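# Chains, contacts and geometry: an overview
These are the residues of each chain, in order.
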Amino acid sequence: MWLLLAFIAVPMIEIALFIQVGGLIGLGWTLLIVLGTAILGTYLMRAQGAMALNNLKRSFSEMRDPSEPLADAAMILVAGVLLLTPGFFTDALGLALLTPPVRHAAFRWLRRNVKVTGFSAGPGQRPRPPFRDEVIDGTYHEVEPPKRPTHTNSGWTRH
């Protein structure tokens, strides 16, 4: 029900804002602002998305709870979608989600209101400790011989 209301309310809000802003500053400036926020939002999303992915990788390598970096990356992705959607209301929501304090507040709200019933590293597996510079010697044997390609090189692939 909430999703249906959002799909009805957001376009109506955007249309009303386009009419109001366009009437005040004119069509050209209105379109320029919408285009500018899309370009700025794309730049900010790429920069913050790269940082969020680095934080997520770090949490995995250090065997920490990845929920906050994962939620952070997801909110940055949603912010990018909102910024690429033409409109002032969605741009305002997208820019707000790109600010770390808003994302942290949203994550705290989600953490309070969403209950996780369980988490595991896999069936019968325990999380391993952080990587150490140890070399483990071992022997191996190939189970299957390597397969030979059944086609000729098309020029698009490397062998």
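The preceding data block contains the structure.
Read on for a plain summary of the structure. None of these values were measured; they are calculated from a predicted model. (Residues numbered from 1 in each chain as written. Predicted model: local features only at pLDDT ≥ 70, side-chain atom pairs only at ≥ 80, totals over all residues. Heavy atoms only, no water.)

## A few points about the overall build of the protein chain
Counting its secondary structure elements, the protein chain contains five helices and zero strands. Order of helices (α) and strands (β) in the protein chain, N terminus to C terminus: α-α-α-α-α. Buried residues in the protein chain amount to 21% of all 159 residues. Counting only contacts in the protein chain whose residues sit at least 6 apart along the sequence, the fraction spanning at least 24 positions is 59%. In the form shown here, the protein chain has an accessible surface area of approximately 13200 Å², with 68% of it arising from carbon and sulfur atoms. (Helix = DSSP H or I, 4+ residues; strand = E, 2+ residues; numbered from the N terminus. Buried < 20%, exposed > 50% of the residue type's maximum accessible area, 1.4 Å probe, protein only. Contact = heavy atoms within 4.5 Å. Areas by Shrake-Rupley, 256 points an atom, 1.4 Å probe, with all protein chains shown as cover.)

## Details of unusual backbone geometry
For Met63, which is not glycine, the phi dihedral falls at a positive 55°. Topologically, Met63 is positioned in the loop between α2 (27-61) and α3 (67-84).

## Notes on the side chain of Glu14
Its place among the elements puts Glu14 in helix α1 (residues 2-25). One buried charged side chain, Glu14, makes no salt bridge at all; its nearest oppositely charged neighbour is Arg103, positioned 19 Å away. What Glu14 contacts, discounting residues up to four positions off in sequence, is Pro86, Gly87, Phe88, Phe89 and Thr90. (Lys, Arg positive; Asp, Glu negative; His and termini not counted. Salt bridge = Lys/Arg side-chain N within 4 Å of Asp/Glu carboxyl O.)

## Considering the environment of Asp65
With respect to the helices and strands, Asp65 occurs in the loop between α2 and α3. If we ignore the near neighbours within four places in the chain, the residues touching Asp65 are Ser59 and Arg111. One polar contact links Asp65 to Ser67, side chain to side chain, over a distance of 2.8 Å. (Polar contact = N/O pair within 3.5 Å; in protein donor to acceptor, adjacent residues only side chain to side chain.)

## Quick word on the side chain of Ser59
Of note, Ser59 is situated in helix α2. Residues in contact with Ser59, not counting those within four places in the same chain, are Arg64, Asp65, Pro66 and Pro69.

## Observations regarding the packing of α1 against helix α4 (residues 88-97)
Where α1 meets α4, the closest approach of the two axes is 7 Å, and the angle between their N-to-C directions is 110°. On the basis of the axis angle, α1 is roughly perpendicular to α4. Between α1 and α4, the contacting residues are Val10, Ile13, Glu14, Leu17, Phe18 and Val21 on the first element and Phe88, Phe89 and Thr90 on the second. Classifying every residue of the contact of α1 with α4 by side-chain character gives seven nonpolar, one polar and one charged. (Axes fitted to C-alpha atoms, helices over the stretch in contact; angles between N-to-C directions. Parallel < 35°, antiparallel > 145°, perpendicular 65-115°, else oblique. Nonpolar A, V, L, I, M, F, W, Y, C, P; charged D, E, K, R; others polar.)

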